[in-house]
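Architecture and fold: a report
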Amino acid sequence: MSSNEEFIQKVLRSRKYRDLHLPAETIRDLIEQESQRFRDEKSMQESVRQKLHQLTALYLGDPDYDKALEELELMQDERELQDFANRMLSAHTSTRERLPYLTDFYNALFQRIGTPQSILDLACGLNPFALPKMGLDQNITYLAYDIHQPRVNLLNAFFRRAGFEAARAEQRDILVSPPTQKADTAFFFKEAHRMDQRRKGSNRILWDALPVTTLLVSLPKRDIGKTHDLSERMRHLVQDALQGRTWPVEEIIFEDEIVFCIRKGAG
Ligand SMILES: C[S@@+](CC[C@H](N)C(=O)[O-])C[C@H]1O[C@@H](n2cnc3c(N)ncnc32)[C@H](O)[C@@H]1O
């Protein structure tokens with residue numbers, strides 16, 4: 001086994017990451033990229049670990065996945081299921097922030113872009129637990145992607161239990177293998193700034209590749225401590241990613257995030 005493959009196995013089996021069952025291709029991709037920046041192996045590996053720490057963002061919170069799966073099996077009615085979904089949404093910072101205005105959030109988005117029949121939820125985290133609150137058809141085609149396997153498993157169990165027949169979650173590194181499935185819209189919430197830290201310029205490549213009519217990219221309005229206004233920095237990130245593109249962009253501003261509504265289909 002090469003020293004890179006040994007390193008990949010070591011990271012995947014480490015206490016910090018072993019329960020996530022991350023795709024090896026994510027670490028392989030980071031190694032390939034960081035090898036171009038660092039000549040010595042130790043610095044390269046350190047940088048890979050830092051990037052992985054950022055992109056997994058475990059500090060944003062998690063439910064107990066095994067316990068949640070067991071609970072889901074015992075759910076009897078819709079009300080219990082909705083309470084469960086709310087608890088899952090409040091386990092992670094991004095979805096917890098949205099929870100007080102969740103229905104208004106999706107109403108505002110779909111008023112602007114029309115009601116989609118198919119959605120890709122990229123780097124979805126726990127956001128698909130909001131699906132029952134989106135006001136969409138029960139048969140909506142909803143494809144959610146994340147690198148975190150326990151999240152993916154729990155989401156699939158939830159979709160089945162809640163009767164969303166055409167919804168499914170898949171483990172996929174969306175940067176290494178962008179989804180090829182066509183859809184009306186893609187959500188890319190609260191992750192583009194981390195993606196840019198992982199690899200400068202990567203948003204442009206991803207957004208270009210997505211076969212969707214409308215791309216909804218959200219970015220945080222404030223830092224995690226809520227002391228700094230990040231709006232201008234985030235607007236620049238979007239402008240950079242869209243340089244030379246003629247796709248119309250509108251902003252929808254919420255308390256904690258700005259949604260950039262990018263109409264690829266119209267450009
Ligand atoms: C900050 S959370 C955002 C969650 C969700 N989009 C939201 O706003 O509620 C970031 C999520 O992206 C996932 N992620 C990070 N990089 C990814 C990649 N390259 N491909 C797929 N998922 C990724 C992480 O595992 C994590 O669940």
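Notes on the structure follow. Along each chain, the written sequence defines residue order, and numbers are assigned to residues from 1. Confidence filtering applies because this is a predicted model: local features only for residues at pLDDT of at least 70, side-chain atom pairs given and counted only at 80 or more, and all residues used for totals across whole chains, interfaces and linings. Excluded from the side-chain calculation are hydrogens and water; included are all heavy atoms of the structure.

1. Digging into a negative patch on the surface
Note on patches: the residues involved have over 30% relative accessible area and no salt bridge, like charges join within 9 Å, and the nonpolar side chains Val, Leu, Ile, Met, Phe, Trp and Tyr join within 5 Å. Here the accessible surface of atoms and residues is derived via Shrake-Rupley with a 1.4 Å probe, and residues count as covered only by protein chains that are part of the display. We define a salt bridge as a side-chain nitrogen of Lys or Arg found within 4 Å of a carboxyl oxygen belonging to Asp or Glu. Charge convention: Lys and Arg are scored as positive, Asp and Glu as negative, and His as well as the terminal groups of each chain are ignored. Taken as the charge centre is NZ of Lys, CZ of Arg, CG of Asp or CD of Glu, depending on the residue. A cluster of like negative charges, contributed by Asp-19, Asp-64, Asp-66 and Glu-70, occupies part of the molecular surface. In this description a helix means any DSSP run of H or I spanning at least four residues, a strand means any run of E spanning at least two, and both kinds are numbered starting from the N terminus. One can find Asp-19 in the loop between helix H1 (3–13) and helix H2 (24–35).

2. Notes on the pattern of salt bridges
Summed over the entire model, instances satisfying the criterion amount to 18 salt bridges. Across the pair Glu-5 and Arg-28 runs a salt bridge whose closest N-O atoms are separated by 2.9 Å. On the criterion of sequence distance, the pair formed by Glu-5 in helix H1 and Arg-28 in helix H2 is long-range, its members being 23 residues apart. What makes Glu-5 partly exposed here is its relative accessible area of 24%. The buried label goes to any residue with under 20% of its type's maximum accessible area, the exposed label to any with over 50%, and the partly exposed label to all in between, with areas taken from a 1.4 Å probe on protein chains only. A relative accessible area of 37% places Arg-28 in the partly exposed class. Between Asp-256 and Arg-222 there is a salt bridge, with the nearest N and O atoms lying 2.7 Å from each other. Pair noted here: Asp-256 is in the loop between strand S6 (249–253) and strand S7 (257–263) and Arg-222 is in the loop between strand S5 (212–220) and helix H11 (231–241), with a separation of 34 residues, a long-range link.

3. A word on the side chain of Asn-203
Mapped onto the elements, Asn-203 comes out in helix H10 (residues 202–209). Residue classification places Asn-203 among the buried positions, given a relative accessible area of 2%. Whether two residues are in contact is decided by their heavy atoms: any pair within 4.5 Å suffices. Not counting residues up to four positions away in its chain, the partners in contact with Asn-203 are Phe-188, Ala-192, Met-195, Asp-196, Leu-237 and Ala-241.

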